[in-house]
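# Summary of the model geometry
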Amino acid sequence: MYGHKNVADLPPGYPQFFSHGRGSHLWDVDGNEYIDFMCSWGPLVLGHHHPKVDEAVKTQMIRGDVFNGPTARMVELAELLVDSVAHADWSMFCKNGTDAMTLCVTVARAATGRRKLLIARGSYHGIGAWSSADLPGIPAEDTSNTIYFEYNDLKSFAAAVGEAGSDLAAVVVTPFRHDIRRDLEPIDLSFAQELRRTCDRAGASLILDEIRCGMRIDLAGSWEPIGVRPDLSAWSKAVANGHPLAVVLGSDSFRDAAQRVRATGSFWLAGAPMAAAIATWREVREADAIVRMAAAGGRLQAGLTAQAHDHGLKVTISGPPQIPFMSFVGDIDRARADCWTSACVARGVYLHPFHNWFLSAAHTDKDIDQALEATNEAFADVARRYGT
Ligand code: PMP
């Protein structure tokens, strides 16, 4: 087992293999049922097995999925996305977040004729070599054009801009800081504005990695509420409610470069995932899914805060309610988080000890109440074992 879905790094009790899912619930191969607060690590924005998405996929599958060229779903989806996402004038489709992020970088480099990429230390942008410095199998030359800055730190950003000099192609950033193994942190408005100003001044591209946040914060783009628009953005995970699709969206000034780069894949233009994306996007809008996720996540966050307080345990609740996280203060060796999440999983609530969680529109008040019963008992376990 490889990658982030390997449970070897998780505390005891996490299942490795799953059997099926319905709405906000999933079942492992041993028949254990869980309320799912990972949503397949993000994609299940409407919950498992959503009837409207299933229907759209079935209809397309009967006609066929992969042809000698795209289906009409590609045009319908492109129009829908360009109408919805404020900065977008055009779209390109691929399969995974890594594809979409790497395409953004390639388009930015083609548009500017430059090489340097500025990325925040600790941010995850997929497994492309350009964002994989110091990892096994990645030669140093492959990351020699990547310069790091600290998220929300103007001074370190200015130093990185200085190092890039006249070779700055793009600044790559996530809508908020959602690095693994740490509390989540909102973007500082002044920091986002400085990234925008720098890119405008340098003629570089601002790339927003929407892969984790997309469709959970704002359908016009996760930075629309703060009024900062990227030039290019990469979306995946939630766009087709679990069906394999990723999207690059761009503004007009990058259209020419997007048409010039090499961008293709055997399955990139498959019709069924695009049909799923159209159904997902419409349902998220019509069912007010973001408001519902925020409400459910807010009840979860409030419940956890109250319970931790009652047990005399110090925790940090972070992130927007739709993409929340909780850590124990001073839990350096992660013992409390492991104990707590392990106890939750044993009681049928699937949370993660060191990666943010995801809400879906399928989470009901009943789910949250039921989950909070389990989390309360799990807090008692932590207090008994580690004290307060
Ligand atoms: N960027 C971010 C912010 C992500 O969370 C992920 C996936 N966790 C990726 C990029 C890469 O996406 P994928 O795994 O689909 O290649």
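Here's a quick rundown of the structure. Fair warning: this is a prediction, and the values are worked out from it, not measured in the lab. (Residues numbered from 1 in each chain as written. Predicted model: local features only at pLDDT ≥ 70, side-chain atom pairs only at ≥ 80, totals over all residues. Heavy atoms only, no water.)

This next bit is on the site of the ligand. In the vicinity of the ligand, the contacting residues are Asn96, Gly97, Thr98, Tyr124, His125, Gly126, His178, Asp209, Ile211, Arg212 and Lys237. At 3.3 Å, a backbone N or O of tyrosine 124 approaches a nitrogen atom of the ligand. Interatomic distance of 3.2 Å between a side-chain N/O atom of lysine 237 and a nitrogen atom of the ligand. For the ligand, the accessible surface in isolation is 390 Å², of which the surrounding protein chains cover 89%. Among the cavities detected, the one that contains the ligand is the largest pocket. In terms of residue class, the shell around the ligand is made up of two nonpolar, six polar and three charged. (Near = heavy atom within 4 Å. Polar contact = N/O pair within 3.5 Å; in protein donor to acceptor, adjacent residues only side chain to side chain. Areas by Shrake-Rupley, 256 points an atom, 1.4 Å probe, with all protein chains shown as cover. 1 Å grid on protein atoms, 1.4 Å probe; cavity = no way out; pocket = protein on both sides within 12 Å on 5 of 7 lines; lining within 4 Å. Sits in = over half its atoms within 2 Å of the grid points. Nonpolar A, V, L, I, M, F, W, Y, C, P; charged D, E, K, R; others polar.)

Residue placement: aspartate 36 occurs in strand 3 (residues 33–36). Here aspartate 36 sits buried without a salt bridge, and the closest side chain of opposite charge, arginine 216, lies 8.6 Å off (N-O distance). In terms of polar contacts, aspartate 36 uses its side chain to reach the backbone amide nitrogen of methionine 38, at 2.9 Å. Polar contacts involving the side chain of aspartate 36 include one to the main-chain amide nitrogen of cysteine 39, which spans 2.9 Å. Contacts of aspartate 36, omitting those with residues within four sequence positions, involve Ser24, Leu26, His48, Tyr350, Phe358 and His363. (Helix = DSSP H or I, 4+ residues; strand = E, 2+ residues; numbered from the N terminus. Buried < 20%, exposed > 50% of the residue type's maximum accessible area, 1.4 Å probe, protein only. Lys, Arg positive; Asp, Glu negative; His and termini not counted. Salt bridge = Lys/Arg side-chain N within 4 Å of Asp/Glu carboxyl O. Contact = heavy atoms within 4.5 Å.)

A separate point is the sheet that holds strand 13 (residues 349–350). What the four strands build is an open sheet, ordered 1-2-3-13; its pairing is mixed. Each having just a single partner strand, strand 1 (18–22) and strand 13 make up the two edges of the open sheet. In this sheet, strand 2 (residues 25–28) lies alongside strand 1 in antiparallel orientation, the contact comprising four bridges. Looking at the pairing, arginine 22 lines up with histidine 25 of strand 2. Relative to strand 3, helix 10 (residues 365–386) is tilted by about 110°, and along the sheet it contacts strand 2, strand 3 and strand 13. (Pairing = 2+ DSSP bridges. Axes fitted to C-alpha atoms, helices over the stretch in contact; angles between N-to-C directions.)

A turn of α-helix holds 3.6 residues, and therefore any two residues three or four places apart point the same way. With 12 residues, helix 9 (residues 335–346) ought to run about 16 Å at 1.5 Å a step, and its terminal C-alpha atoms sit 16 Å apart, in line with that. Most of helix 9 sits out of view: 10 of its 12 residues are buried. Every buried residue belonging to helix 9 is among Ala335, Ala337, Asp338, Cys339, Trp340, Thr341, Ser342, Ala343, Cys344 and Val345, and all of these are buried. As for helix 9, its buried residues are in contact with strand 3, helix 8 (289–310), strand 12 (325–328), strand 13 and helix 10. (Expected span 1.5 Å × (residues − 1).)

By the definition in use, this model includes 13 aromatic pairs. Centre to centre, the rings of phenylalanine 18 and tyrosine 350 are 6.1 Å apart; their planes meet at 65°, and the pair counts as edge-to-face. You can see phenylalanine 18 sitting in strand 1 and its partner tyrosine 350 sitting in strand 13, a full 332 residues away along the chain. Relative to tyrosine 350, the ring of tyrosine 34 lies with its centre 5.9 Å away and its plane at 90°, an arrangement referred to as edge-to-face. Of the two residues, tyrosine 34 sits in strand 3 while tyrosine 350 sits in strand 13, which places them 316 residues apart along the sequence. Note on tyrosine 350: relative accessible area 8%, which makes it buried. Its guanidinium or amino end placed over the ring of phenylalanine 354, arginine 181 lies 4.1 Å from that ring's centre, counting from NZ or CZ. (Phe/Tyr/Trp six-rings, centres within 6.5 Å; stacked < 30°, edge-to-face > 60°. Lys NZ or Arg CZ within 6 Å of the ring centre and 35° of its normal.)

Taken together, seven strands build an open sheet; the order of strands is 4-10-9-8-7-5-6 and the sheet is mixed. Pairing within the sheet leaves two strands with one partner each, and these edge strands are strand 4 (90–94) and strand 6 (146–149). Taken pair by pair, the neighbouring strands of this sheet meet at an average axis angle of 20°, ignoring direction. As defined by bridge partners, strand 4 adjoins strand 10 (residues 246–250) across five bridges and the pair is classed as antiparallel. Bridging across to strand 10, methionine 92 finds its partner in valine 248. Across the face of the sheet, helix 2 (residues 73–84) comes into contact with strand 4 and strand 10 while running at roughly 125° to strand 4. Along the sheet face, helix 3 (residues 97–112) touches strand 4, strand 5 (116–120), strand 7 (168–173), strand 8 (205–209), strand 9 (232–235) and strand 10 and points at about 165° away from the line of strand 9.

Here we come to the pattern of salt bridges. In total, this model carries 23 salt bridges according to the counting rule given. For aspartate 167, the salt bridge identified is with arginine 115, shortest N-O distance 2.9 Å. Taken together, the residues aspartate 167 in the loop between helix 4 (154–164) and strand 7 and arginine 115 in the loop between helix 3 and strand 5 connect sequence positions 52 residues apart. When its relative accessible area of 16% is taken as the criterion, aspartate 167 is described as buried. Assessed through its relative accessible area of 49%, arginine 115 is described here as partly exposed. Note that arginine 196 is salt-bridged to aspartate 231, the shortest N-O span being 3.0 Å. Of the two residues, arginine 196 is situated in helix 5 (residues 189–202) and aspartate 231 in the loop between strand 8 and strand 9; the sequence distance between them amounts to 35 residues. We note that arginine 196, like aspartate 231, is buried. Each of Arg177, Asp179, Arg182 and Glu185 takes part in salt bridges that share partners, so that together they form one network.

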